Amino acid sequence: VHIQHCKDGRGNDKLYITNKEGTYLFYCHHCGKRGSLKDKLNRVNTRLSKKDIKALHHNHHIPSDVESDPSKWSVEARLWPLKASITNDTIKDIGMVWCARTNRVYVPISFRGEYVGFVSRRIDGNDGTPKYITKCDKDKKEHFLFVRHVASNDKVVLVEGILSCLRLNQLGYNAVALLDIVAGK
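Residues numbered from 1 in each chain as written. Predicted model: local features only at pLDDT ≥ 70, side-chain atom pairs only at ≥ 80, totals over all residues. Heavy atoms only, no water.

Ordered in space as E5-E6-E7-E8, the four strands form an open sheet in which the pairing is antiparallel. Each having just a single partner strand, strand E5 (97–99) and strand E8 (132–136) make up the two edges of the open sheet. When strand polarity is set aside, the average angle formed by the axes of neighbouring strands in this sheet is 25°. Pairing geometry for E5 and strand E6 (residues 104–111), over three bridges, is antiparallel. Its bridge partner being in E6, Trp 98 is matched across the sheet by Val 105. (Pairing = 2+ DSSP bridges. Helix = DSSP H or I, 4+ residues; strand = E, 2+ residues; numbered from the N terminus. Axes fitted to C-alpha atoms, helices over the stretch in contact; angles between N-to-C directions.)

Given below as structure tokens:
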């Protein structure tokens, strides 16, 4: 917001107040005065939510309160797969979901039709948790790969991440995302 500070009258609302990561910043473009105020309640809530997220990801199961329809996701959540031209049909086909509570997109990982774990990506901001979290059943680490097979040949492109794998797959290549080899620790 911007409000009047040191000068009255029309067009003199030059004190700008912004909120950056739980701290209010003040700056007056007329007199140059500035300041800040930390929002302690926001910091407490952030710390509590970090504990919830860490507890939530203690096991290898995707949260139950997810949204599977990408048209109902937040704009930020939808932008992540959109960067790689991933369509809504592909999102639904692979079972990608978004959880508003954790603000993460989850991709389930299966091997021969059996669920073995997930990869999740934090959508925006830095809440103190890793950008990516990978979890899998400890007994099935060797099957923790994201595989997309479309071409009839035996050539496979190895990539690091899921979006790269999906993009190559859309271009007609067999691809495997290696993910995190030490997942599930």
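Back to the write-up after that little detour.
Attention shifts here to the confidence of the model for the protein chain. Scored by pLDDT, the protein chain has a mean of 79; 82% of the residues are at 70 or more. Per-element mean pLDDT across the protein chain ranges from 52 in helix H1 (residues 40–56) up to 95 in E5. Within the model, pLDDT remains below 50 along residues 181–185, and this stretch shows 11 contacts once partners closer than five positions in the same chain are excluded. (pLDDT = per-residue confidence, 0-100. Contact = heavy atoms within 4.5 Å.)

This part takes up the sheet that holds strand E3 (residues 23–28). The strand order across the open sheet formed by four strands is E1-E2-E3-E4, and the pairing between neighbours is antiparallel. A strand with exactly one partner marks an edge of an open sheet, and here the two such strands are strand E1 (2–3) and strand E4 (34–38). Taken together, the six bridges between strand E2 (residues 15–20) and E3 define a ladder with antiparallel strand orientation. When the bridges of E3 are listed, Leu 15 appears paired with Cys 28.

In this section: the pairing of E6. The buried fraction of E6 is high, at six of eight residues. With eight bridges joining them, E6 and strand E7 (residues 114–122) adopt antiparallel strand pairing. Considered in E7, the bridge of Val 107 is made with Val 119. The antiparallel hairpin formed by E6 and E7 contains two residues in its connecting segment, where Arg 112 sits at a positive phi of about 50°. (Buried < 20%, exposed > 50% of the residue type's maximum accessible area, 1.4 Å probe, protein only.)

With that out of the way, let us pick up the nonpolar core. Counting 24 residues, the largest nonpolar core has Met 96, Val 105, Ile 109, Phe 146 and Ile 162 as the members making the most contacts within it. For this core, the elements supplying multiple residues, two or more each, are helix H2 (75–82), helix H3 (88–94), E6, E7, helix H4 (162–170) and strand E11 (174–177). Broken down by element, the residue count for this core peaks at four residues, all from H4. When sequence neighbours within four positions are dropped, the list of residues in contact with Phe 146 reads Ile 94, Val 107, Ile 109, Ile 162, Cys 165, Leu 166, Ala 175, Val 176, Ala 177 and Leu 179. Counting five residues, the second-largest nonpolar core is a separate cluster that includes Cys 99, Tyr 106, Phe 118 and Ile 133. (Core = buried A, V, L, I, M, F, W, Y, C linked by side-chain atoms within 4.5 Å.)

Moving on, we get to the packing of aromatic side chains. This structure, assessed with the given rule, holds two aromatic pairs. Centre to centre, the rings of Tyr 106 and Phe 118 are 5.3 Å apart; their planes meet at 65°, and the pair counts as edge-to-face. With Tyr 106 in strand E6 and Phe 118 in strand E7, this pair connects stretches of sequence that are 12 residues apart. Among the residues examined, Phe 118 registers a relative accessible area of 0% and is labelled buried. (Phe/Tyr/Trp six-rings, centres within 6.5 Å; stacked < 30°, edge-to-face > 60°.)

We now examine H2. Along H2, the positions that sit buried rather than exposed are Ala 77, Arg 78, Trp 80 and Pro 81. Down the axis of H2, the buried side of the element spans an arc of 150°, and every buried residue falls inside it. (Arc of directions from axis to C-beta.)

A two-sided burial pattern is seen for E11, the buried positions comprising Asn 174 and Val 176 on one face and Ala 175 and Ala 177 on the other. As paired strands, strand E9 (residues 146–148) and E11 are joined by three bridges and run antiparallel to one another. By the bridge assignment, Val 147 is partnered in E11 with Val 176. Crossover connection from strand E10 (residues 156–159) via H4 to parallel E11: handedness right-handed. (Right-handed = clockwise from strand over helix to strand, strands pointing away.)

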